[in-house]
Amino acid sequence: MSPLSPAMNWCLGDVILLGQGDMVPADCRLIEAFALRVSNATVTGEAMPIDRSAAPSDASDILRSTNALLAGTSVLAGDGVAVVFATGSHTEFGKIARLAQSGTEVRSPLLNEVASLSRVIAVLAFGLGLAFFAIGFEAGLSIWQASMFGIGTIVANVPEGLLPTITLTLAMGARRMARRKVLVRHLPAAETLGSVTVICTDKTGTLTENRMAIRELFLSRTLAPAYPADLKPEVNKADRRLCEVARWCQTVQRAKDGGWLGDPMEMALVEMAGRAGLASASVQLVSEIPFDADRKRMSTLHETVEGRAMYTKGAPETVIPPLHGPGGQ
């Protein structure tokens, strides 16, 4: 059983060790952290990695606290040691699950309209039944015959084809939505979506697949597409350096399914280097300097067949040397 297996019963005050690729099993506070970045997409919907440290935080909200890790989130990079302070239904993820289970079901506009129409039809049918009962009785029919006449009138005014017609219409709408890769669990939801006039959402990553891909590269010679790759690392020295930095200046790890685990941006860079046909070499990581807001770049030191090499990536103003000298010329 893994040290972070969800099947373990975690208690308040337990100390857990977290590393890249681990799932956080409970809400906890960091007491040690090294270049720790997490993904809170399962709780907040934010797809971008978030830095976490063991320094005290002034935020009163646990979701904004820089030294708190939430249950259900994943560690993208770095290592940390944390103390559990909430488990199970007391975690933020557990609160979301409890709210989802205790929420009241809201009837769709179609169901409200059908219920309103049914009441109108029932009142009219009952009124017509009483009217025809009175007419039949005045016409000389017995009470039994007049009652049967009134009841028959009521039954005749009930639209038996209303329910099959509504169901068939909703089924056709759900089928058309399925062709556009939209799954509908409840048929009335198809009509509810058609009644929507305004959709309010944000653009911070809640509607993404939580992965990134490189579309274009601004090379020294031109703006080139990244896929199909226009890089020639075996011919152009600058392209080879770019691919080496993209491939080795990272902290991602191989997943069991053959993919990658780690920062989405670093995974996109590694995949780009692989598509460019960069030959795999015997490269071993010696040390790394993680990215931080002050330095604005990340550096890794590797042992290669040609000796030790350092790869750096970061903000252009910190990586590219200034174009002008001290005199401004």
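Conventions used here
Residues numbered from 1 in each chain as written. Predicted model: local features only at pLDDT ≥ 70, side-chain atom pairs only at ≥ 80, totals over all residues. Heavy atoms only, no water. Salt bridge = Lys/Arg side-chain N within 4 Å of Asp/Glu carboxyl O. Helix = DSSP H or I, 4+ residues; strand = E, 2+ residues; numbered from the N terminus. Buried < 20%, exposed > 50% of the residue type's maximum accessible area, 1.4 Å probe, protein only. Axes fitted to C-alpha atoms, helices over the stretch in contact; angles between N-to-C directions. Parallel < 35°, antiparallel > 145°, perpendicular 65-115°, else oblique. Left-handed = near helix turned anticlockwise from the far one by under 90°. Contact = heavy atoms within 4.5 Å. Nonpolar A, V, L, I, M, F, W, Y, C, P; charged D, E, K, R; others polar. Expected span 1.5 Å × (residues − 1). Arc of directions from axis to C-beta. Pairing = 2+ DSSP bridges. Patch = residues over 30% accessible without salt bridge, like charges linked within 9 Å, V, L, I, M, F, W, Y side chains within 5 Å. Areas by Shrake-Rupley, 256 points an atom, 1.4 Å probe, with all protein chains shown as cover. Lys, Arg positive; Asp, Glu negative; His and termini not counted. Charge placed at Lys NZ, Arg CZ, Asp CG, Glu CD. Core = buried A, V, L, I, M, F, W, Y, C linked by side-chain atoms within 4.5 Å. Phe/Tyr/Trp six-rings, centres within 6.5 Å; stacked < 30°, edge-to-face > 60°.

Draft legend 1. Expanded view of the pattern of salt bridges. Per the counting criterion, the structure on display carries six salt bridges. Residues Glu 92 and Lys 95 are paired through a salt bridge, measuring 3.5 Å at the closest nitrogen-oxygen approach. Highlighted residues: Glu 92 and Lys 95, both in helix 2 (residues 92-102), separated by three residues, approximately one helical turn. Under the relative-accessibility criterion, Lys 95 is labelled partly exposed at 35%. Here Glu 244 and Arg 241 are joined by a salt bridge, their closest N and O atoms 3.1 Å apart. Separated by three residues within a single helix, Glu 244 and Arg 241 lie in helix 7 (residues 237-248), roughly one turn from each other.

Draft legend 2. Spatial organisation of the packing of helix 3 (residues 109-138) against helix 4 (residues 143-156). Viewed as axis vectors pointing N to C, helix 3 and helix 4 meet at an angle of 150°, and their least axial separation amounts to 8 Å. Looking at the two axes, helix 3 sits roughly antiparallel to helix 4. Of the two possible hands of crossing, helix 3 and helix 4 adopt the one that is right-handed. Within the contact between the two elements, helix 3 uses Ala 125, Phe 126, Leu 128, Gly 129, Phe 132, Phe 133, Gly 136 and Phe 137 and helix 4 uses Ile 143, Ala 146, Ser 147, Phe 149, Gly 150, Thr 153 and Ile 154. Grouping the amino acids of the contact of helix 3 with helix 4 by side-chain chemistry returns ten nonpolar, five polar and no charged.

Draft legend 3. Fine view of helix 4. End to end, helix 4 covers 20 Å across 14 residues, agreeing with the expected 20 Å (1.5 Å per residue, within 8%). Residues Ala 146, Gly 150 and Thr 153 constitute the buried set of helix 4. For helix 4, the buried positions fall inside an angular range of 60° around the axis, keeping them on one side. Within helix 4, the exposed residues directed more than 90 degrees away from the buried face are Trp 144 and Ala 156. At its buried positions, helix 4 is contacted by helix 3.

Draft legend 4. Main features of the environment of Leu 193. One can find Leu 193 in helix 6 (residues 188-194). Judged by relative accessible area, which is 46%, Leu 193 ranks as partly exposed. Counting along the chain gives 85 residues from Leu 193 to Ser 108, while the straight-line C-alpha distance between them is 9.6 Å.

Draft legend 5. Representation of the sheet that holds strand 10 (residues 284-289). Reading across from one edge, 10-11-12 is the order of the three strands in this open sheet, with antiparallel pairing throughout. The outermost strands of the open sheet, each flanked by one partner alone, are strand 10 and strand 12 (307-314). Within this sheet the neighbouring strands show an average axis-to-axis angle of 20°, counted without direction. As paired elements, strand 10 and strand 11 (residues 297-304) share five bridges and run antiparallel to each other. Residue pairing for strand 11: Glu 288 is matched across the bridge by Thr 300.

Draft legend 6. Representation of the side chain of Thr 153. Following the sequence through the fold, Thr 153 ends up in helix 4. Owing to a relative accessible area of 13%, Thr 153 belongs among the buried residues under this scheme. With residues near it in sequence (within four places) discarded, Thr 153 still touches Leu 128, Gly 129 and Phe 132.

Draft legend 7. Broad picture of a positive patch on the surface. A contiguous patch of positive charge, built from Arg 175, Arg 176, Arg 179 and Arg 180, is present on the exposed surface. With respect to the element layout, Arg 180 can be found in the loop between helix 5 (162-179) and helix 6.

Draft legend 8. Just the nonpolar core, in detail. Formed by 13 residues in total, the largest nonpolar core has its most connected members in Ile 16, Leu 18, Cys 28, Leu 36, Leu 69, Val 75 and Ala 82. Counting only elements with at least two residues in this core, the list comes to strand 1 (15-18), strand 2 (27-39) and strand 5 (74-86). In terms of residue count, strand 2 provides more of this core than any other element does, four residues in total. Residue contacts for Leu 36: discarding those within four places in its chain leaves Leu 30, Ile 50, Asp 51, Arg 52, Leu 69, Val 75, Ala 77, Gly 78, Asp 79 and Gly 80. Residues Ile 214, Leu 219, Cys 243 and Ala 246 belong to the second largest nonpolar core, which totals eleven residues.

Draft legend 9. Here's a closer look at the packing of helix 7 against helix 8 (residues 264-275). Orientation of helix 7 relative to helix 8, taken along the N-to-C sense of each, is 135°, at an axis distance of 7 Å. As summarised for this structure, helix 7 and helix 8 are arranged oblique, according to the angle between their axes. When you trace helix 7 past helix 8, the crossing you get is left-handed. Facing helix 7, whose interface residues are Cys 243, Ala 246 and Arg 247, helix 8 presents Leu 269, Val 270, Met 272 and Ala 273. Classifying every residue of the contact of helix 7 with helix 8 by side-chain character gives six nonpolar, no polar and one charged.

Draft legend 10. Layout of the packing of aromatic side chains. For the structure on display, the rule yields two aromatic pairs. With a centroid separation of 5.5 Å and 90° between ring planes, the pair formed by Phe 132 and Phe 149 is classed as edge-to-face. Residue Phe 132 is located in helix 3, and its partner Phe 149 is located in helix 4; the two are separated by 17 residues in the primary sequence. Judged by its relative accessible area of 38%, Phe 149 falls in the partly exposed class. Between Phe 133 and Phe 137, the aromatic rings sit 6.5 Å apart at their centres with planes inclined by 15°, giving stacked as the arrangement.

Scope: geometric values only; no functional claims are made or implied.
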